[in-house]
Amino acid sequence: MAGTHLKPGAGGSLSVTPQSAGWTYLSFGVMTLDGASFEGNSGENEVAIVPQSGRLSVRFGEEEHDLSRVGVFEELPTVVYLPPHTHYTVSGSGTFAHGGAPATGQYPARVIRPQDIKVEMRGGANAARQVSHLLGPDQLAERLLIYEVYTPSGNWSGWPPHRHDGQHGSLYIEETYHYRIQPEHGWAIHRNYSPEDAYDEALIARDGDLILSPRGYHPVAAAPGSNVYYLNFMAGEALGGARSTPPVDEPDWAWMRQDWGGKALTLPIPVMAKP
């Protein structure tokens, strides 16, 4: 297994396969082009391409589509969904993510435009964040789920902590987090933990990092002054409409869905008069 925390390579490149991750379904990668072209084939997987920045285009079959995007903090993307056994070419100058999961080819290739992406506000107080459904459970795909999540400076995301690792009645779904942070020297804290087996790691996520969520709960905190974006690719045993099955919240924190303020302490602490 490659580990749960991967640093970007040359040009920001990253690559995870089921074999390197030590899991079953999900592949994910990030690539930066400098006027060149990348040719790929989806093979046995359904594949999605998500541009992050730059002037890019994708060709598959007889179609060619513009994937240009100023940046992840400036605008929503144009996403391409490809069924198995589809040859494609990405060209131009910019950075894009791509990932996939085993599929049978139930759905045709298509382009998902920014105006077709559902944008949802989740949480509240200092657990408020934006979730963009690039390929949500209401959209046609076999296993893949894809989200872009924006966590403002000082806020928490993935809260209450939740799991989807097949434990406590949850479905088994694998997940990657690809981080972009504004400003680039900013950072976030990503925690993976499973109390049942003493697995617990707190990781510092920096711009361009990739963190895997192999099991357990996995909340994220944005450091004050750091605006945090992460791209989630997810895939597992859930098929079709079953992809809408919610994860399981950690029992100690599930109550916060009814009180996002979290019973916050009131400041200042009063000064008690001496007897």
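Just so we're clear, the structure is a prediction, and the values are computed from it rather than from any experiment. (Residues numbered from 1 in each chain as written. Predicted model: local features only at pLDDT ≥ 70, side-chain atom pairs only at ≥ 80, totals over all residues. Heavy atoms only, no water.)

Asks: I'm lost on the overall build of the protein in this one. Help?
Replies: Within the protein one finds one helix and 20 strands. On C-alpha atoms alone, the protein measures out to a radius of gyration of 19 Å, which is about the 19 Å that the 2.2 N^0.38 rule sets for 275 residues. Along the three orthogonal principal directions, the C-alpha set of the protein runs to about 85 × 40 × 35 Å. Put simply, the protein has 275 residues, and 51% of those count as buried. Expressed as a percentage of contacts within the protein between residues at least 6 apart in sequence, the contacts between residues at least 24 apart total 74%. Here the protein displays about 12600 Å² of accessible surface, and carbon together with sulfur accounts for 54% of that area. Once the 19 positive and 30 negative side-chain charges of the protein are each reduced to a mean point, those two points are 6 Å apart. (Helix = DSSP H or I, 4+ residues; strand = E, 2+ residues; numbered from the N terminus. Rg over C-alpha atoms; globule rule 2.2 N^0.38 Å. Buried < 20%, exposed > 50% of the residue type's maximum accessible area, 1.4 Å probe, protein only. Contact = heavy atoms within 4.5 Å. Areas by Shrake-Rupley, 256 points an atom, 1.4 Å probe, with all protein chains shown as cover. Lys, Arg positive; Asp, Glu negative; His and termini not counted. Charge placed at Lys NZ, Arg CZ, Asp CG, Glu CD.)

Asks: How do you make sense of the sheet that holds strand 16 (residues 199-206) when you look at a structure like this?
Replies: Whether parallel or antiparallel, the strands of a sheet pair through hydrogen bonds between backbone atoms. Across the sheet, four strands lie side by side as 12-18-15-16; this open sheet has antiparallel pairing. Each edge of the open sheet is held by one strand with a lone partner, namely strand 12 (156-157) and strand 16. (Pairing = 2+ DSSP bridges.)

Asks: I tried to follow the layout of surface pockets on my own but got confused; where do I start?
Replies: Regions of empty space are outlined by a rolling probe, equal in size to a water molecule, passed over the atoms. Quantified by volume, the largest pocket comes out at close to 610 Å³. Every residue lining the largest pocket is counted, 31 residues in all, and those nearest its centre are Arg 122, Tyr 147, His 162, Met 234 and Pro 247. Secondary structure elements with two or more residues in the lining of the largest pocket: strand 9 (118-122), strand 10 (129-135), strand 11 (145-151), strand 14 (173-182) and strand 19 (227-236). Looking at the lining of the largest pocket residue by residue, the class counts come to 15 nonpolar, nine polar and seven charged. (1 Å grid on protein atoms, 1.4 Å probe; cavity = no way out; pocket = protein on both sides within 12 Å on 5 of 7 lines; lining within 4 Å. Points joined across faces, edges and corners; volume = space filled by probe spheres on them. Nonpolar A, V, L, I, M, F, W, Y, C, P; charged D, E, K, R; others polar.)

Asks: Teacher, can you tell me more about the nonpolar core here?
Replies: As a rule of thumb, nonpolar side chains are buried together in soluble globular proteins. Grouped together as the largest cluster of nonpolar side chains are 31 residues, with contacts concentrated most on Leu 144, Ile 146, Leu 231 and Phe 233. Looking at which element gives the most residues to this core, the answer is strand 19, with four residues. Excluding residues that lie within four positions of it along the chain, Phe 233 makes contacts with Leu 26, Phe 28, Ala 48, Val 50, His 98, Gly 99, Leu 144, Leu 145, Ile 146, Glu 174, Glu 175 and Thr 176. If you look at the next biggest cluster of nonpolar residues, it comprises 18 residues, including Tyr 147, Ala 188, Leu 203 and Val 220. (Core = buried A, V, L, I, M, F, W, Y, C linked by side-chain atoms within 4.5 Å.)

Asks: What's the story with the pattern of salt bridges in this structure? I'm lost.
Replies: A side chain with one charge may pair with a side chain of the opposite charge, provided their charged atoms come close. Going through the model one piece at a time under the given rule, you end up with eleven salt bridges. The shortest N-O distance in the salt bridge between Arg 163 and Glu 196 comes to 3.1 Å. Highlighted residues: Arg 163 in strand 13 (residues 162-163) and Glu 196 in the loop between strand 15 (187-194) and strand 16, separated in sequence by 33 residues. Since its relative accessible area comes to 1%, Arg 163 is described here as buried. A salt bridge links Asp 259 to Lys 263, with the shortest nitrogen-to-oxygen separation between them at 3.9 Å. With a relative accessible area of 62%, Lys 263 lands in the exposed category. Each of Arg 163, Asp 165 and Glu 196 takes part in one network of salt bridges that share partners. (Salt bridge = Lys/Arg side-chain N within 4 Å of Asp/Glu carboxyl O.)

Asks: Help me out: how do you make sense of the environment of Gly 105 in this one?
Replies: Along the chain, Gly 105 falls in the loop between strand 7 (87-102) and strand 8 (110-112). For Gly 105, a relative accessible area of 39% puts it in the partly exposed group. Gly 105 sits 88 residues away from Tyr 193 along the chain, and the two C-alpha atoms are 35 Å apart. With residues up to four places along the chain from it excluded, the contact list for Gly 105 reads Pro 84 and Glu 142.

Asks: What is the right way to look at the packing of aromatic side chains in this model?
Replies: Centre-to-centre distance and the angle between the planes together describe a pair of aromatic rings. In total, this model carries 14 aromatic pairs according to the counting rule given. The structure contains a cluster of three or more aromatic residues connected by ring pairs, namely Trp 156, Trp 159, Trp 253 and Trp 255. The ring of Tyr 147 has Arg 122 lying over it, and the distance from NZ or CZ to the ring centre is 6.0 Å. One residue, Arg 191, lies across the ring of Tyr 193, its end atom 3.8 Å from the ring centre. (Phe/Tyr/Trp six-rings, centres within 6.5 Å; stacked < 30°, edge-to-face > 60°. Lys NZ or Arg CZ within 6 Å of the ring centre and 35° of its normal.)

Asks: It is not clear to me how the side chain of Thr 89 should be interpreted in this structure. Could you clarify?
Replies: Looking at where Thr 89 falls in the secondary structure, it is placed in strand 7. Thr 89 sits in the buried class, given a relative accessible area of 18%. Once residues lying within four places of it in the same chain are set aside, the contact partners of Thr 89 are Ser 37, Phe 38, Glu 39, Ser 57, Val 58 and Arg 59.

Asks: Would you mind going over the sheet that holds strand 10 with me for this structure?
Replies: Strands sit in the order 1-17-14-19-11-10-9 across an open sheet of seven strands; the sheet is antiparallel. The outermost strands of the open sheet, each flanked by one partner alone, are strand 1 (5-6) and strand 9. Of the strand pairs in this sheet, strand 14 and strand 19 are connected by ten bridges, and their pairing is antiparallel. In the strand pairing of strand 19, Glu 175 is matched with Met 234.

Asks: I'm lost on the side chain of Ser 57 in this one. Help?
Replies: Along the chain, Ser 57 falls in strand 4 (residues 45-60). Since its relative accessible area comes to 15%, Ser 57 is described here as buried. Discounting chain neighbours no more than four positions away, the residues touching Ser 57 are Glu 64, His 65, Asp 66, Leu 67, Thr 89, Val 90 and Ser 91.

Take it as geometry only, folks, not as evidence of what the structure does.
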